[in-house]
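The residues making up each chain are set out below.
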Amino acid sequence: MAAERPLRVGITCYPSVGGSGILASALGEELARRGHAVHFISYERPFRLSAATPGIHFHPVVINDYELFRYPDYTLPLSVRMAEVARDHALDVLHVHYAVPHATAAILARAMVGTGGAPRVVTTLHGTDTTLLGRDPGYGPAIRHALLQSDAVTTVSAWLRDETRRLLAVECPIDVIPNFFSPRPVTRTRAEVRAELGVGEEPLLVHLSNLRPVKRFDLLLEALARVPAGRPWKLLVLAGGDFQPYAPLVRRLGLESRVVVRANVFDVEDYLQAADLGLFTSESESFCLGVLEAMWFGCPSVSTAVGGIPEVVEDGRSGLLVAEAGAEPLAAAVTALLDDPARRRRLGMEARRRAETVFSAAAVVPRYEALYRRVLAAPVGRS
Ligand code: GMT
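Here the structure is a predicted model, which is why all the values come from computation and not from measurement.

I tried to follow the overall build of the protein on my own but got confused; where do I start?
Along the protein, the regular secondary structure elements total 15 helices and 13 strands. At 21 Å, the protein has a C-alpha radius of gyration in line with the 21 Å of a compact globule built from 383 residues. In terms of overall dimensions, the protein has C-alpha extents of about 70 × 55 × 35 Å along its principal axes. In the protein, of all internal contacts separated by at least 6 residues, the share reaching a separation of at least 24 is 71%. Total accessible area on the protein stands at roughly 16,000 Å², and carbon and sulfur atoms take up 55% of it. Computed over 42 positive and 42 negative side-chain charges, the separation of the two mean positions in the protein equals 3 Å.

Even after reading the chapter, I still don't get a nonpolar patch on the surface, so can you show me in this structure?
A cluster of nonpolar residues, L76, V80, L108 and M112, forms a patch on the protein surface that exposes about 310 Å² of accessible area. Broken down by secondary-structure element, the contributors of at least two residues to the nonpolar patch are α2 (75-88) and α3 (102-113).

How do you make sense of the site of the ligand when you look at a structure like this?
With respect to spatial proximity, 16 residues lie near the ligand, and among them G19, S20, H126, T128 and E285 are the closest. At 2.5 Å from an oxygen atom of the ligand is found a main-chain nitrogen or oxygen belonging to G19. With respect to the ligand, the side chain of S20 contributes an N or O atom lying 2.6 Å from an oxygen atom. Relative to its unbound accessible area of 480 Å², the ligand is 94% covered by the protein chains. A per-class count over the shell around the ligand returns 5 nonpolar, 9 polar and 2 charged.

Help me understand the layout of surface pockets in this model?
Over the atoms, a rolling probe the size of a water molecule traces out where space has been left empty. Taken as a whole, the largest pocket encloses approximately 790 Å³ of empty space. In terms of lining residues, the largest pocket is bounded by 40 residues, among which G18, G19, S20, N210 and K215 are the most central. A domain split of the lining of the largest pocket shows at least three residues from each of domain 1 (8-182 + 361-376) and domain 2 (190-358).

Just checking my understanding: could you explain the sheet that holds strand β10 (residues 259-263) for this structure?
Spatially, 6 strands are ordered β10-β9-β8-β11-β12-β13 in an open sheet, and the strand pairing comes out parallel. Either end of the sheet is taken by a strand with one partner, and the two such strands are β10 and β13 (320-322). Taking the axes of each pair of neighbouring strands and ignoring which way they run, one obtains an average angle of 25° across the sheet. Sheet topology note: the strand β8 (residues 204-209)/strand β11 (residues 277-280) ladder contains 2 bridges and is parallel. Across the sheet, L205 pairs through a bridge with L277, a residue of β11. Against the sheet, helix α7 (residues 190-197) touches β8, β9 (234-239) and β10, its axis set at about 105° to β10.

Scoring rules and cut-offs
Residues numbered from 1 in each chain as written. Predicted model: local features only at pLDDT ≥ 70, side-chain atom pairs only at ≥ 80, totals over all residues. Heavy atoms only, no water. Helix = DSSP H or I, 4+ residues; strand = E, 2+ residues; numbered from the N terminus. Rg over C-alpha atoms; globule rule 2.2 N^0.38 Å. Contact = heavy atoms within 4.5 Å. Areas by Shrake-Rupley, 256 points an atom, 1.4 Å probe, with all protein chains shown as cover. Lys, Arg positive; Asp, Glu negative; His and termini not counted. Charge placed at Lys NZ, Arg CZ, Asp CG, Glu CD. Patch = residues over 30% accessible without salt bridge, like charges linked within 9 Å, V, L, I, M, F, W, Y side chains within 5 Å. Salt bridge = Lys/Arg side-chain N within 4 Å of Asp/Glu carboxyl O. Near = heavy atom within 4 Å. Polar contact = N/O pair within 3.5 Å; in protein donor to acceptor, adjacent residues only side chain to side chain. Nonpolar A, V, L, I, M, F, W, Y, C, P; charged D, E, K, R; others polar. 1 Å grid on protein atoms, 1.4 Å probe; cavity = no way out; pocket = protein on both sides within 12 Å on 5 of 7 lines; lining within 4 Å. Points joined across faces, edges and corners; volume = space filled by probe spheres on them. Domains from an automatic or database assignment. Pairing = 2+ DSSP bridges. Axes fitted to C-alpha atoms, helices over the stretch in contact; angles between N-to-C directions.

This is the structure we're talking about:
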């Protein structure tokens, strides 16, 4: 049988720190490693995209701030750039991560290229593009339109698929393709990183996120303040957003000596290998890439049992899920694992095994490749 030809894939995502951009960057790198040509189209080079991966090209979108507009427009320049790149590089697929405004721009770009050379549009929903913007009457109908016009729609969890159907009344097929993580090699030893953080033998908890309100970092701090005294521990916050709004709460709870913050870290792997327990207290989460990133380093998490997190972590096997709202049950779960290093290690080993088998590039990327080939075999558009 003849080998399948390499594909030409355009990827659009938010380039700043955020799970959807991290996933899109990792996917682009993995596709390039598999011999496909990958073209990122965005207003900045994505934060976690390695500079040196062959086969990856970056096409910036230039946004002009015309005085006649009260707000600068991104959607139209993005769609024009997508159409240019699609034509110039004969793209097979435009894969957009986070629907707003990327899916609408891609549908427009596909129409601009016109019949004959139009790329297929694959839209991956990541979370708030459904759960927040999908509910907004100013966005919902446009998102629904873009999903119905996409050649394929994917979600990162079954929970998000069901929410998308419920909130947006989208009846077309939705493929669930979970997130994956491919850790880069660490550049320092665990001991070196712990020394940099001022951590000795005590357990190191870790939280990584953009710290937006949905992450309920305030609840996380309230929970830690309830861990009974006499236990040594520290918390490392890998902040992809502004930590300052939480500094007064850290002081009020008397946690200053316990909390170490590192902002906009590129080498998350170095820090994750140094951690013993993850802590995630989101009120909604379609997947929670941070939990998975920690799992790869044998670091189990205590997490709220919301959204798609139960699809990532099996409660009591590869981490602990807290179904009850509030700081007390979270504190109890954290305390139980602080007091039982052997259980922590058992959960961590299972977390690592699950990450490798279910959420590795080897397990997940072929599903995107198969999806691209499936949409290429079908006529453009669905309706
Ligand atoms: O939808 C968002 O809130 C933004 C998005 C992001 O860009 O970080 O986060 C979502 O996508 C991540 C990657 O798929 C998931 O790990 C997060 O769970 C999800 N966030 C929410 O659902 C709140």
